[in-house]
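Examining the three-dimensional arrangement
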Amino acid sequence: MHAIRIEQLTKDYGPVVALNGLDLTVEEGEVFGFLGPNGSGKTTTLRILMDLIRPTSGRAEILGFDTQRQSIEVRARIGYLPDDPQMYDDMNVHAFLRLMASLRGADGGNGGRPRHEQRRDELIERLQLDPTRRIGALSRGNRQKVGIVLALMFEPPLVVADEPTTGLDPLVREEVELILREIAQQGGTVFFSSHVLGEVEQVCDRVAMLREGRVIDVLVPAERRRLAPQRFLVSFETAPPAGAFDGLPDVTVVSHDGTEAVLELVAGVDALVKCLANFRVTHLETHEVSLEELFMSYYEPDSSDASPGTAADAAAGGQG
Amino acid sequence: MAVLRHTLFSLRWQVLSYGVGVGLYAALIVSLFPMLEDTFADLEMPEGYLAFFGSEQLDFGDPRAFLTTELMSLVPLIVAIYAVVASTALLAGDEQRGALDLVLAQPLSRRRLFLGRTGGLVAGALLIATAGAIGLLIPALIIDLDVPAFVLVRAMFSLVPLMLACAGLGLLVAAVTPSRGVAGGLVAAETVTVWLLNSVSNLNDTLEPLHFVSPFYYADGPTVLFDGPVLWHAAVLIGAFVLLTALALRAFEARELSAGRWQLRALTTRNA
């Protein structure tokens, strides 16, 4: 069963098209990133999954349940973190989390301490949150932590989060990334949007790139790294002769100017290393095309379509 | 029950301030009666003034006439404003703040949430009427006011259907307007307008039919201390509350949260 299946999802607000036939499948047990610039439809998609807004056409399923017709069943299986979560300012953190547990029907049980309370306390400790503080007095980052605790404390099979690490300091951000990975390792699914490309690259098994309400590509960051061109910036003590690198398999000479050369490699490094061994190398730098460079290449103004090849080319070209 | 409890928690300051306000105002008016009784006994109010507040020329030595003019002319408007403010703030206020996103992220149906919130509004109206009744009763017992206690209590509780009708309208308008501010402004303006309409319609026979469109007419402020509430008037207000609330529920179930636009189509859209 798919954790999320979205088919031809469309959402328009009069003349403004927020989603334009979006198709996407997220498998159970994966951490799936949702990338795109502002207005590309990320938040709209997440809000449709939560049945907070309704699609103009198309449909979505969560763990086999229709998000609109079986919304209660869907929400019973999701831990949701909205972008900039808002709560009741006049309650303290504990009272707010207790209220949410009672709305979920998770307050009480068979006498023992409910499991979600143990998980809540564990998360509160890991995120260094003071649960006695009034929500109205919390900073943006601390409110984000409350939202994260709420989304995860019921140990839902699917976590849907809109920019989960916004406002967090680097240490807590790292802890949240670790928690998200742990959820996937334990069989849960995480689906989140982000602007933090390093985070997406580090945490996600797969990443969907969104543009103008459509998925334009789905990448596997690890695979992407393996296949992405690697760039070598080489400095020599004396200038190698012109054409010294011509004919090397899988090597492209981006530039060669006297004692400096920029070479790009798409496969095995052996031939290049052997070739370089013929000269006295004073400096060698390698550079991998990052997800950020790929991301930028997808959203250049004249990039009306995208494929892994063109994206990589554009990213590589951007280095020169 | 969790929704109802939380609704009462959210409304606590409004219910407390309106309840205490109405109670203290009622207590003050009753307490003033012995001091003003003799003065008012010989006083002849201008007919237009009395008609505006729905009274006819009355014997102001009679505490019921005194309370009708000094208390029951204004308290209906005060409690109606409570109903408008509370009803437009509850769901629309939460939505505007963004708090509804997390509430509705839980496996809680919109219907359950709406009905719990509405239950809290009804409980709030009953608590305000109770506070008003206590405010009337305590000084009335102290000064030995010549009005039976049940008549005073009944007068205050006759305002509950008015509060409910106004709350029903508030819930409906909040479910189809872009924001809490728009909803609150519209319903508050409507409430003051129909209150004035009801009052003005008493001044002139030609305008008299206008009072049928005003919920204040059905609240029986001018007559409730003498004759008790008219049952069919109360039924009209409760019927209006049920109808408006049912429409509001329909609209809320189909509403797109935080869309920032009018959602009149939600009234005719069938959710899923």
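Look up: the structure comes first, before these words.
Across its full length, chain A carries eleven helices and 14 strands. Burial analysis of chain A (320 residues in total) assigns 51% to the buried set. Within chain A, contacts between residues at least 6 apart in sequence are counted, and of these 67% link residues at least 24 apart. When the accessible surface of chain A is totalled, it reaches about 14,100 Å², and 47% of it is carbon and sulfur.

To continue, consider the packing of aromatic side chains. All names here are of chain B. Counted under the stated rule, the structure contains twelve aromatic pairs over all chains. Between Phe33 and Phe66, the ring centres sit 5.2 Å apart and the planes meet at 55°, which makes this aromatic pair tilted. One end of the pair, Phe33, is in helix H2 (residues 12–41); the other, Phe66, is in helix H4 (residues 63–70), and 33 residues separate them in sequence. A relative accessible area of 1% means that Phe66 is categorised as buried. Residue placement shows Arg12 over the ring face of Phe9; its charged tip is 3.9 Å from the ring centre. Seen from the ring of Phe252, Arg110 lies directly overhead, with NZ or CZ sitting 5.8 Å from the centre.

Right, let's talk about the interface of chain A and chain B for a bit. Chain A puts 30 residues into the contact, and the matching count from chain B is 30 residues. Contact between chain A and chain B buries roughly 2,600 Å² in total, counting both sides, with carbon and sulfur atoms accounting for 56%. The largest contributions to the chain A side of the interface with chain B come from Arg54, Tyr88 and Leu103 of chain A, which together make up 25% of the buried area. Of the charged contacts in the structure, one is a salt bridge between Glu256 of chain B and Lys11 of chain A, with a shortest N-O distance of 2.7 Å. Along the contact surface separating chain A from chain B lie 16 residue pairs in polar contact (both at pLDDT 80 or more). Listed by contribution, the elements that provide at least two residues to the side of chain A that touches chain B are strand S1 (2–13), helix H2 (71–75), strand S6 (78–81) and helix H3 (93–103) of chain A.

Once that is clear, we can look at unusual backbone geometry. Residue and element names in this part refer to chain A. One non-glycine residue, Asp51, lies in positive phi territory at about 60°. Within the secondary structure, Asp51 sits in the loop between helix H1 (42–49) and strand S4 (57–62). Taking relative accessible area as the criterion, Asp51 reaches 7% and is therefore assigned buried. The backbone phi angle of Asp84 is positive, close to 50°, even though this residue is not glycine. Within the secondary structure, Asp84 is located in the loop between S6 and H3. With relative accessibility at 30%, the residue Asp84 sits in the partly exposed group.

All names here are of chain A. With antiparallel pairing, the four strands of this open sheet are ordered in space as S2-S1-S4-S5. Every other strand in the sheet has two partners, leaving strand S2 (16–27) and strand S5 (65–66) as the edge strands with one partner each. Its contacts with the sheet place H1 against S1, S2 and S4, and it is angled at close to 115° to S1.

Looking now at the nonpolar core. Residue and element names in this part refer to chain A. Among the nonpolar cores identified, the biggest contains 150 residues, and Phe96 and Phe191 are the most heavily contacted of them. Not counting chain neighbours up to four residues away, the residues in contact with Phe191 comprise Ile4, Leu24, Val26, Phe32, Phe34, Leu46, Leu49, Leu158, Val159, Val160 and Ala161. Counting residues in hydrophobic clusters, the runner-up holds twelve residues, among them Phe232, Phe245, Leu263 and Leu265.

All names here are of chain A. Pairing between strand S9 (residues 206–211) and strand S10 (residues 214–219): five bridges, direction antiparallel. Its bridge partner lying in S10, Val207 is registered against Leu219. Adjacent in sequence and paired antiparallel, S9 and S10 are bridged by two residues, among which Glu212 carries a positive phi angle near 50°.

For the rest of this paragraph, the subject is the packing of helix H5 (residues 75–97) of chain B against helix H10 (residues 180–201) of chain B. Residues and elements named next belong to chain B. Remark: H5 packs on H10, axes separated minimally by 9 Å, with the N-to-C direction vectors making an angle of 165°. Classed by the angle they form, the pair H5 and H10 counts as roughly antiparallel. The handedness of the crossing between H5 and H10 is right-handed. Each of Leu77, Ala80, Ile81, Val84, Val85, Thr88, Ala89, Ala92, Gly93 and Gln96 in H5 lies in contact with H10, whose residues at this interface are Arg180, Gly181, Ala183, Gly184, Val187, Ala188, Thr191, Val192 and Trp195.

Criteria and cut-off values
Residues numbered from 1 in each chain as written. Chains lettered and ligands numbered in written order. Predicted model: local features only at pLDDT ≥ 70, side-chain atom pairs only at ≥ 80, totals over all residues. Heavy atoms only, no water. Helix = DSSP H or I, 4+ residues; strand = E, 2+ residues; numbered from the N terminus. Buried < 20%, exposed > 50% of the residue type's maximum accessible area, 1.4 Å probe, protein only. Contact = heavy atoms within 4.5 Å. Areas by Shrake-Rupley, 256 points an atom, 1.4 Å probe, with all protein chains shown as cover. Phe/Tyr/Trp six-rings, centres within 6.5 Å; stacked < 30°, edge-to-face > 60°. Lys NZ or Arg CZ within 6 Å of the ring centre and 35° of its normal. Buried area = accessible area lost by both parts, 1.4 Å probe. Salt bridge = Lys/Arg side-chain N within 4 Å of Asp/Glu carboxyl O. Polar contact = N/O pair within 3.5 Å; in protein donor to acceptor, adjacent residues only side chain to side chain. Pairing = 2+ DSSP bridges. Axes fitted to C-alpha atoms, helices over the stretch in contact; angles between N-to-C directions. Core = buried A, V, L, I, M, F, W, Y, C linked by side-chain atoms within 4.5 Å. Parallel < 35°, antiparallel > 145°, perpendicular 65-115°, else oblique. Left-handed = near helix turned anticlockwise from the far one by under 90°.

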